[in-house]
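Report on the structure
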Amino acid sequence: MKTKQIPHIERDFNSFFVRERKRTLALLQSRYNLSEETAEDVYQDSCIALFQNIKNGKLVSLSSSLSTYFTQICINQSLKKIR
């Protein structure tokens, strides 16, 4: 049985999300007093939102780093959860 190759962009995103995870979860838990489980949910929702923004052409260029853009998505998702 042949193994399925992971597309290059998917590997890049996986690598990015792994790098950002620990820092972002700590930020969400400390700044917004989220439980570990809620912070994980926000993180996953934010990962999906970032990928969809790129896929749907909403994110064409950045005036900041991808990390900063992603952190802002996480903050917005956290505020939605708190409301």
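Above this text is the structure in question.
Residues numbered from 1 in each chain as written. Predicted model: local features only at pLDDT ≥ 70, side-chain atom pairs only at ≥ 80, totals over all residues. Heavy atoms only, no water.

1. A look at unusual backbone geometry
For N33, which is not glycine, the phi dihedral falls at a positive 55°. Here N33 shows up in the loop between α1 (8-32) and α2 (36-55). On the basis of relative accessible area, N33 is assigned to the exposed category, the value being 68%. (Helix = DSSP H or I, 4+ residues; strand = E, 2+ residues; numbered from the N terminus. Buried < 20%, exposed > 50% of the residue type's maximum accessible area, 1.4 Å probe, protein only.)

2. Focus: the pattern of salt bridges
Two side chains bearing opposite charge may form a pair once their charged atoms approach each other closely. All chains considered together, the criterion is met by 2 salt bridges. One salt bridge in this structure joins E20 and R23, with 2.5 Å as the shortest N-O distance. Of this pair, E20 and R23 both sit in helix α1, 3 residues apart, roughly one helical turn. By relative accessible area, which is 39% here, R23 ends up partly exposed. For E40, the salt bridge is made with R21, and the minimal N-O distance between the two is 2.2 Å. Linking E40 in helix α2 with R21 in helix α1, this pair joins segments that are 19 residues apart in sequence. On the accessibility criterion, R21 (37% relative accessible area) is partly exposed. (Salt bridge = Lys/Arg side-chain N within 4 Å of Asp/Glu carboxyl O.)

3. Details of helix α3 (residues 66-82)
In an α-helix, one full turn covers 3.6 residues, which means residues spaced three or four apart are oriented alike. Taking 1.5 Å of rise per residue, the 17 residues of α3 would be expected to cover 24 Å, and the 24 Å separating its terminal C-alpha atoms lies within 8% of that figure. Listed as buried for α3 are F70, T71, I73, C74, I75, Q77 and S78. (Expected span 1.5 Å × (residues − 1).)

4. A look at the side chain of Q77
In this structure, Q77 sits in helix α3. Every residue in contact with Q77, bar those within four places of it in the chain, is listed here: V42, D45, S46 and A49. (Contact = heavy atoms within 4.5 Å.)

5. A short note on the nonpolar core
Counting 18 residues, the largest nonpolar core has F17, L28, L34, Y43, L50 and F70 as its most contacted members. When residues of this core are traced back to their parent elements, those giving at least two are α1, α2 and α3. Sequence-distant contacts of L28, defined by excluding residues within four places in its chain, comprise N33, L34, A39, V42, C74 and S78. (Core = buried A, V, L, I, M, F, W, Y, C linked by side-chain atoms within 4.5 Å.)

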